[in-house]
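Commentary on secondary and tertiary structure
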Amino acid sequence: MAERTSIDTILHESRIFPPPADFEQRIGGSYVTSLEAYRAMHRRSIEDPEGYWGEAARAFHWFRPWDRVLEWSLPDAKWFAGGRTNLCFNCVDRQVQGGHGEAPALIWEGEPASPSGYEIRRLTYAELMREVCRCANALKAMGVRRGDIVTIYMGMVPELAVAVLACARIGAPHSVIFGGFSAQAIADRVQDAQSRTIITCDGAWRRGHLVPLKANVDEGAAIAGGVTNVLVLRRCGNDVRMTPGRDRWWHEFVDDQPTDCPCEPMESEDMLFLLYTSGSTGKPKGIMHTTGGYMVYTAHTARTVFNLRPDRAQVFWCTADVGWVTGHSYIIYGVLPNRVPTLMYEGAPNFPEPDRFWDIVERHRVTQFYTAPTAIRAFMKWGDAWPRKHDLSSLIVLGSVGEPINPEAWMWYRETIGGGRCPIVDTWWQTETGGHMITPLPGATPTVPGSCTLPFFGVDAAIVDESGAELPHGKGGLLAIRRPWPGMLRGIHGDRERFIQTYFSRIPGMYFAGDGAHRDERGYFWILGRVDDVINVSGHRLGTMEVESALVSHPAVVEAAVVGMPHDIKGTGIAAFVTLEPHFAPSDDLRADLAKHVAKEIGAIAKPDVIRFTDALPKTRSGKIMRRLLRDVAAGADTGQDMTTLEDLSVLARLREGEE
Ligand code: WT7
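Our subject in this report is the structure included herewith. (Residues numbered from 1 in each chain as written. Predicted model: local features only at pLDDT ≥ 70, side-chain atom pairs only at ≥ 80, totals over all residues. Heavy atoms only, no water.)

Thoughts on the overall build of the protein
Helices and strands together make up the secondary structure of the protein, namely 21 helices and 30 strands. For a compact globule of 660 residues, the expected C-alpha radius of gyration is about 26 Å, and the protein comes in at 24 Å, within 12% of that figure. With respect to the three principal axes, the spread of C-alpha positions in the protein is 75 × 65 × 55 Å. Per-residue burial for the protein yields a buried fraction of 61% across its 660 residues. If you take every contact in the protein between residues at least 6 apart in sequence, the share linking residues at least 24 apart comes to 72%. Of the roughly 24300 Å² that the protein leaves accessible, carbon and sulfur atoms contribute 50%. Averaging the locations of the 70 positively and 81 negatively charged side chains of the protein gives two centres separated by 3 Å. (Helix = DSSP H or I, 4+ residues; strand = E, 2+ residues; numbered from the N terminus. Rg over C-alpha atoms; globule rule 2.2 N^0.38 Å. Buried < 20%, exposed > 50% of the residue type's maximum accessible area, 1.4 Å probe, protein only. Contact = heavy atoms within 4.5 Å. Areas by Shrake-Rupley, 256 points an atom, 1.4 Å probe, with all protein chains shown as cover. Lys, Arg positive; Asp, Glu negative; His and termini not counted. Charge placed at Lys NZ, Arg CZ, Asp CG, Glu CD.)

Written as structure tokens, this is what we have:
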């Protein structure tokens, strides 16, 4: 069992690692060089957020300057109101106009291995601009107008970045759906966004297997209705059905388009994208991000936290999928404005062998590497021999994101991957925050394994109780943000009430993140995990109710309760307790069928790790499912075995009554 972040871990963690002595020289000068400098800058940024962010925003191109840096009327923030800009312009055109058209923008590596090696593509800013303009013109020719939401469901290919940037260029907000989601999940999102245009691929490569993306889109579009245009990139060459009048091939339609297309001057508060994420109730919610604030926030955090320097030969690699916010912010939008090449890898970390990542780091001389604890734990399990085969000396900064990192994995990352000479930045943030919120700065912050340390500039983070009162260091409570920041979400698409309820109602006057946390005597933050019904599986967010509804929609299931359970690699695994219709009997076949059903309803990431059949779910007298009891039972469970009898559960339930 992996160590978990617990109060016990925090109390016993005394290792502290100052930034390595040669960091300054290796990185070529860091932006913030000491903890004292950080503290002084943080204080100033909190006293005068408008001054701080106004200055940060001046590093970008604006068609029209803003009238006011911030207008804030809880829960609505307007950043750089009156200003007009275009994020695609700031990612691409600006570099070309600044004389850097021939500098590398995007380095891509495909998954499949061939006798001649791997497929690699490199795009300069000038090339990227041409591709983006063609795609933007194609979208316009298909009838996409400013404000129309474009759905993107693609594998990790360069054209995914091109499609995203093309949408930003013409002011059509994108809604990227992770390629691991099912047809039903596509349908839910397309319907909620009322999106009529989908960009997809014939298929995607994943660990040597083909994922039939276009077939999923066909099925999803049939369920959702209203889809009038599908643009299909040929990646894998698998057979697909093209619907005449609706579907077009990228190579036939996009490649013929003119290579110039002006950037639409967008209002700072125009929507840039929607990204669906799971909440504690109901269907996933469409998190809305807007243009100016998100642009400034992601690029400024990327620059500072990874110490991006265009004047040094850096290669930045974030291993996330663009389908998650990490990929939006730290593969595309935050990196390109900093003129450091961003690396995109198509496939799995262990294809064809468990050293694929280290092979990529070595061959491309990656300098900043950003991944999730779940991946680090998998690498630990596969053994040190794989990274040892490679020269990882190019690495300077290592990042972690998505879930609490256990100190054991942190130390392994530091020693085995970083050779003891790379600061680790454990970055806490969320889909809703747009960019990093609590994180070390690599040249400044002494790090402690398992702690995400201190708030970023302009972030007023605190541990509070339900009334909003700040708790003294050492006491666990709710993680709250007390003031607006430029990257914050602007709403949930089509659901104002849920926006207010979820984020601004639990703690009066503050943004509630959904996490429990604790500060140690240094003031460092330790994230304890979600305090709502959201679970974090391999750094991916799922609502327990979402998985429950998927289970209940199976004909055999009467009732289902889903809880998180400790998992060696995933951090949190999914345990499902299920009661069956009388004419269904528990069996391994049924168990497999239920898992398949969940994968079909949501996606493979939502498949329960353990499914237990029971005669009835333990409930309190008032009828509430005793989730804490189920969590305890799941935590002590051997995988896959049924409860001995329901009696055990009901006895436990009686013992626990009143505790929940
Ligand atoms: C939830 C947000 C932000 C990109 C990936 C996940 C957890 C995220 C950390 C971290 C501890 C973390 C939180 C948060 N989380 N980063 N460094 N340490 N926990 O984005 O899907 O919106 O999930 O991930 O629980 O609330 P997301």
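Regarding the side chain of Asp 460
Position of Asp 460 relative to the elements: it lies in the loop between β20 (424–427) and β21 (461–464). Accessibility expressed as a relative area gives 12% for Asp 460, which makes it buried. Separated by 3.3 Å, the side chains of Asp 460 and Arg 483 make a polar contact. Not counting residues within four places of it along the chain, the set of residues in contact with Asp 460 comprises Ile 46, Ala 480, Ile 481, Arg 482 and Arg 483. (Polar contact = N/O pair within 3.5 Å; in protein donor to acceptor, adjacent residues only side chain to side chain.)

Remarks on the sheet that holds strand β22 (residues 477–481)
The strand order β21-β22-β24-β25 describes an open sheet built from 4 strands, whose pairing is antiparallel. Edge positions in the sheet fall to β21 and β25 (525–530), since each has one partner strand and no second. Within this sheet the neighbouring strands show an average axis-to-axis angle of 45°, counted without direction. With 4 bridges connecting them, β22 and strand β24 (residues 511–519) associate as antiparallel partners. Directly across from Ala 480, in β24, lies its bridge partner Phe 512. (Pairing = 2+ DSSP bridges. Axes fitted to C-alpha atoms, helices over the stretch in contact; angles between N-to-C directions.)

Some remarks on the site of the ligand
Asp 426, Thr 427, Thr 431, Asp 515 and Arg 541 are the nearest of the 17 residues found near the ligand. Between the ligand and Asp 515, the relevant distance is 2.7 Å, taken from an oxygen atom to a side-chain nitrogen or oxygen of the residue. At 3.1 Å, a side-chain N or O of Asn 536 approaches an oxygen atom of the ligand. Considered on its own, the ligand offers 560 Å² of accessible surface; in the complex 96% of this is hidden by protein. Counting residues per element, the ones that place at least two in the shell around the ligand are α12 (325–333), β20 and β25. The residue makeup of the shell around the ligand, split by class, is 6 nonpolar, 6 polar and 5 charged. (Near = heavy atom within 4 Å. Nonpolar A, V, L, I, M, F, W, Y, C, P; charged D, E, K, R; others polar.)

Points about the pairing of strand β29 (residues 571–580)
Burial analysis of β29 places 10 of its 10 residues in the buried class, which makes it a mostly covered element. Taken together, the 10 bridges between strand β28 (residues 557–567) and β29 define a ladder with antiparallel strand orientation. Bridging across to β29, His 567 finds its partner in Gly 571. Hairpin connection from β28 to β29: 3 residues lie between these consecutive antiparallel strands. Pairing geometry for β29 and strand β30 (residues 610–613), over 4 bridges, is parallel. Bridged to Ala 575 within β30 is Val 610. Each parallel crossover has a hand, and for β29 linked through helix α19 (residues 588–601) to β30 it is right-handed. (Right-handed = clockwise from strand over helix to strand, strands pointing away.)

Considering the packing of helix α6 (residues 125–141) against helix α7 (residues 158–170)
Two numbers describe how α6 lies on α7: the axes approach to 8 Å, and their chain directions differ by 65°. Relative to α7, α6 is oriented so that their crossing is right-handed. In this structure, α6 uses Leu 128, Glu 131, Val 132, Cys 133, Cys 135, Ala 136, Leu 139 and Lys 140 to contact α7, whose residues at the interface are Val 162, Ala 163, Leu 165, Ala 166, Cys 167, Arg 169 and Ile 170. Residue composition of the contact of α6 with α7, by class: 12 nonpolar, no polar and 3 charged. (Left-handed = near helix turned anticlockwise from the far one by under 90°.)

Here's the deal with the sheet that holds strand β16 (residues 316–318)
The sheet built from 7 strands is open, its strands ordered β5-β4-β17-β16-β18-β19-β20 with mixed pairing. The outermost strands of the open sheet, each flanked by one partner alone, are β5 (117–124) and β20. Looking at each pair of strands side by side, their axes are set apart by 20° on average, direction ignored. The sheet contact formed by strand β4 (residues 104–114) and strand β17 (residues 342–345) spans 4 bridges and is parallel.

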